[in-house]
Amino acid sequence: MITIPYLTALTTYFSYGLLFAFGQFRDFFRKIFDWWRTTNLQGYAPISLDFEDFYTRRLYLRIQDCFGRPISSAPDAWFDVVERYSNDNNKTLKRTEKRIRCLNLGSYNYLGFAAADEYCTPRAIDSLKRFSASTCSPRVDGGTTTVHTELEECVAKFVGKPAAIVTGMGYVTNSSILPVLIGKAWLIISDSLNHNSIVNGARGSGATIRVFQHNTPSHLEKVLREQIAEGQPRTHRPWKKIIVVVEGIYSMEGEICTLPEIVAVCKKYKAYIYLDEAHSIGAVGKTGRGVCELLGVDTADVDIMMGTFTKSFGSCGGYIAGSKELIQYLKYTCPAHLYATSISPPAAEQIISAIKVILGEDGTSRGAQKLARIRENSNFFRSELQRMGFEVLGDNDSPVMPIMLYNPAKIPAFSRECLKQNVAVVTVAFPATPLLLARARICISASHSREDLIKALEVISQVGDLVGIKYFPAEPKKQHQEKGTIKLE
């Protein structure tokens, strides 16, 4: 749980209050000037009312140059960011022909497969030539190729489950499958910081939803005990089924799930477990098999395992792995399988090839080297940021490390100053995070060299001093050691 310093919270509230007051002041005068303007609505209500898009108009548009920056190269350790400009105070942004070569600290390219790879890329190209870019059909019609069948078998074997089903989009995996798995008279107990795709999927299911404190097994047990005792609302009948939904690595916090303790609680109260490994599969564990491998949890104790291919595998799509009966049921009922176009064959081949590299089935040790490098890079970068005095969230071994910014003025200042020094970072604010908890989210990759990381640390340290986001005293400087580093050929 994040504890905000009193002064920081006070100044952050004051900053948002000032922005709100000036925004309302400008809206008041806009209404006066718009009074004499003719409109073409002819009785129609406006699509977006003034207050509904107030945040977008008066807060987001001021700093939208910090978001959605287009790139013109593969999202490798370094990439090309397209320069933009605005002539109307950031309401619209226009691209230029200029490119800025930047160090990439924002992409989910955990193992470096997003760039050209000596093993994966030729196979993806061959698949493109053989099957084309799209099947132009759902899986149940003409959208199942031999590559899709091989991918599902490969994923099931990799995560340690009897069977798997793949979809063309990671977000849809949660939002479309949860309503199929869960219905009325069910109880969903969700971590308070679960991803929006889980939240929307749970809401669409029609089940009763309860929330437990983030990553706190003791509070989960309390909620379970209370809900089992009370039963369903109004009728107080027993719940048909109870499912606990957690993530392997929380994408906005970088924290690793306390899975062994949560599994023990769920076993005690006979509740199912749904584990979202979008950010952990491929990135953590000795052989990249996620938090179950990292924390020593038997995959048989996790009923439903979900993951995406956009982070560690350099592709797109998502999967659900579980028992053969579960996967067969989903193939008959899941909208993402029945109605959506199947995952692109070249993208599917990219995933298969990446898994083979991770497991060493390509005949090299590159996969083991990548896993060692991502772990080493993540722990080095996190420890150095903490030593400099930044407030960094998350756990060791996690490649996601948020740096707390808090104040809204520091969001664009940090992003723009880093870009000036050729370091591209991702800043995150409301509504993706609570209002007071704006942050910069750093994503580390195995493709980053030690020199890349040291440069990034130097820039972030300078910008941190300039912006004023070093909330803790810095530790004495230590000379960077090169022992134990792994060089990727």
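Cut-offs and rules
- Sequence order sets the numbering: in each chain, residues are counted from 1 along the sequence as written.
- The model is predicted, so local features are restricted to residues of pLDDT at least 70 and side-chain atom pairs to those at 80 or more, both for listing and for counting; the totals for chains, interfaces and linings are taken over all residues.
- The side-chain values count all of the structure's non-hydrogen atoms but skip hydrogen atoms and water molecules.
- Counting from the N terminus, the helices are the DSSP runs of H or I reaching at least four residues and the strands are the DSSP runs of E reaching at least two.
- With C-alpha atoms as the basis for the radius of gyration, the globule rule is written as 2.2 Å multiplied by the number of residues raised to the power 0.38.
- The cut-offs for exposure are 20% and 50% of the maximum accessible area for each residue type, with area from a 1.4 Å probe on protein chains only; residues under the lower value are buried, those over the upper are exposed, and the others partly exposed.
- Any two residues whose heavy atoms approach within 4.5 Å are treated as being in contact.
- Per-residue and other accessible areas follow the Shrake-Rupley method at a 1.4 Å probe size, with only the shown protein chains counted as cover for residues.
- We define a polar contact as two N or O atoms separated by no more than 3.5 Å, with the added condition that, inside protein, one atom must be a possible hydrogen donor and the other a possible acceptor, whereas residues neighbouring each other in sequence contribute only through side-chain atom pairs.
- Helix span is expected to be 1.5 Å times the residue number reduced by one.
- For two strands to count as paired, DSSP must find a minimum of two bridges between them.
- Here, a salt bridge means any Lys or Arg side-chain nitrogen found within 4 Å of an Asp or Glu carboxyl oxygen.
- Two rings from Phe, Tyr or Trp (for Trp, the six-membered ring) form a pair when their centres sit within 6.5 Å of each other. Planes less than 30 degrees apart are called stacked, planes more than 60 degrees apart edge-to-face, and all others tilted.
- Our definition puts a charge over a ring when NZ of Lys or CZ of Arg is within 6 Å of the ring centre and also within 35 degrees of the ring normal.

A.B. asks: Could you clarify how one ought to interpret the overall build of the protein in this entry?
C.D. replies: Within the protein, the secondary structure is distributed over 15 helices and 13 strands. Relative to the compact-globule value of 23 Å for 489 residues, the protein shows a C-alpha radius of gyration of 24 Å, a close match. With the C-alpha coordinates of the protein rotated into their principal frame, the extents come out at 65 × 60 × 50 Å. When burial is assessed residue by residue, the protein has 53% of its 489 residues classed as buried. Long-range pairs, those at least 24 residues apart, make up 71% of the contacts in the protein with a sequence separation of at least 6. Surface exposure of the protein reaches about 23400 Å², of which carbon and sulfur atoms provide 56%.

A.B. asks: Sorry if this is basic, but what is going on with unusual backbone geometry here?
C.D. replies: It is generally the case that most residues other than glycine have a negative phi and that most peptide bonds are trans. Cis rather than trans, the peptide bond between Phe430 and Pro431 has omega equal to 10°. Although it is not a glycine, Ser132 sits at a positive phi angle of roughly 75°. Of note, Ser132 is situated in the loop between helix H3 (120-131) and helix H4 (146-159). Not every positive phi belongs to a glycine, and Tyr406 is a case in point at roughly 70°. You can see Tyr406 is positioned in strand S10 (residues 400-406).

A.B. asks: When you look at the side chain of His279 in this model, what are you seeing that I'm missing?
C.D. replies: Within the secondary structure, His279 is located in the loop between strand S7 (272-276) and helix H9 (291-295). Classification of His279 as buried rests on a relative accessible area of 5%. Engagement of the side chain of His279 in a polar contact is seen with the side chain of Tyr110, the distance being 2.8 Å.

A.B. asks: What's the story with H4 in this structure? I'm lost.
C.D. replies: At 3.6 residues per turn, the α-helix brings residues three or four places apart onto the same side. A rise of 1.5 Å per residue sets the reference length of H4, with its 14 residues, at 20 Å; its end C-alpha atoms lie 20 Å apart and thus fit the reference within 8%. Considering only its buried residues, H4 is in contact with H3, strand S3 (163-167), strand S8 (304-308), strand S9 (318-322), helix H10 (324-333) and helix H12 (345-359). With a side-chain oxygen positioned 3.2 Å from the backbone nitrogen of Val147, the residue opening H4 is Thr145. Looking one or two places after H4, you find Gly160, whose phi comes out positive at around 85°.

A.B. asks: Looking at this structure, I do not really get the sheet that holds strand S2 (residues 94-104). What am I missing?
C.D. replies: Strand pairing in a sheet relies on backbone hydrogen bonds. The paired strands run either parallel or antiparallel. With mixed pairing, the 3 strands of this open sheet are ordered in space as S1-S2-S11. In this open sheet, the two strands that pair with only one neighbour each are strand S1 (78-85) and strand S11 (423-424). Pairing of S1 with S2 involves 7 bridges; the strand directions are antiparallel. Note on S2: the bridge partner recorded for Asp80 is Arg101.

A.B. asks: How do you make sense of the pattern of salt bridges when you look at a structure like this?
C.D. replies: Counted according to the given criterion, the structure contains 18 salt bridges. The partner of Arg366 in a salt bridge is Asp117, with the nearest N and O atoms 2.9 Å apart. One end of the pair, Arg366, is in helix H13 (residues 366-388); the other, Asp117, is in the loop between S2 and H3, with 249 residues separating them in the sequence. Residue classification places Arg366 among the buried positions, given a relative accessible area of 12%. In this structure, Arg439 and Glu253 form a salt bridge, with 3.2 Å as the shortest nitrogen-oxygen distance. Of the two residues, Arg439 is situated in strand S13 (residues 438-443) and Glu253 in the loop between strand S6 (241-247) and helix H8 (259-269); the sequence distance between them amounts to 186 residues. Among the charged side chains, a salt-bridge network with shared partners connects Asp27, Asp53, Arg57 and Arg58.

A.B. asks: Would you mind showing me how to read the packing of aromatic side chains here?
C.D. replies: By convention here, two paired aromatic rings are described through the distance between centres and the angle between planes. According to the stated counting rule, one finds 11 aromatic pairs in the structure shown. Taking the centre distance of 5.1 Å and the plane angle of 65° together, the rings of Phe20 and Phe54 count as edge-to-face. Of the two residues, Phe20 sits in helix H1 (residues 6-34) while Phe54 sits in helix H2 (residues 54-60), which places them 34 residues apart along the sequence. Taking the relative accessible area as the measure of exposure, Phe20 reaches 40% and is therefore partly exposed. The cationic tip of Lys370 hangs over the ring face of Phe113; the distance from NZ or CZ to the ring centre is 4.8 Å.

A.B. asks: Explanation requested: H1 in the structure shown.
C.D. replies: Given a rise of 1.5 Å per residue, 29 residues ought to cover 42 Å, and the 41 Å separating the end C-alpha atoms of H1 matches this to within 8%. For H1, the full list of buried residues reads Thr8, Ala9, Thr12, Ser15, Tyr16, Gly23 and Asp27. Along its buried surface, H1 packs onto H2 and S10.

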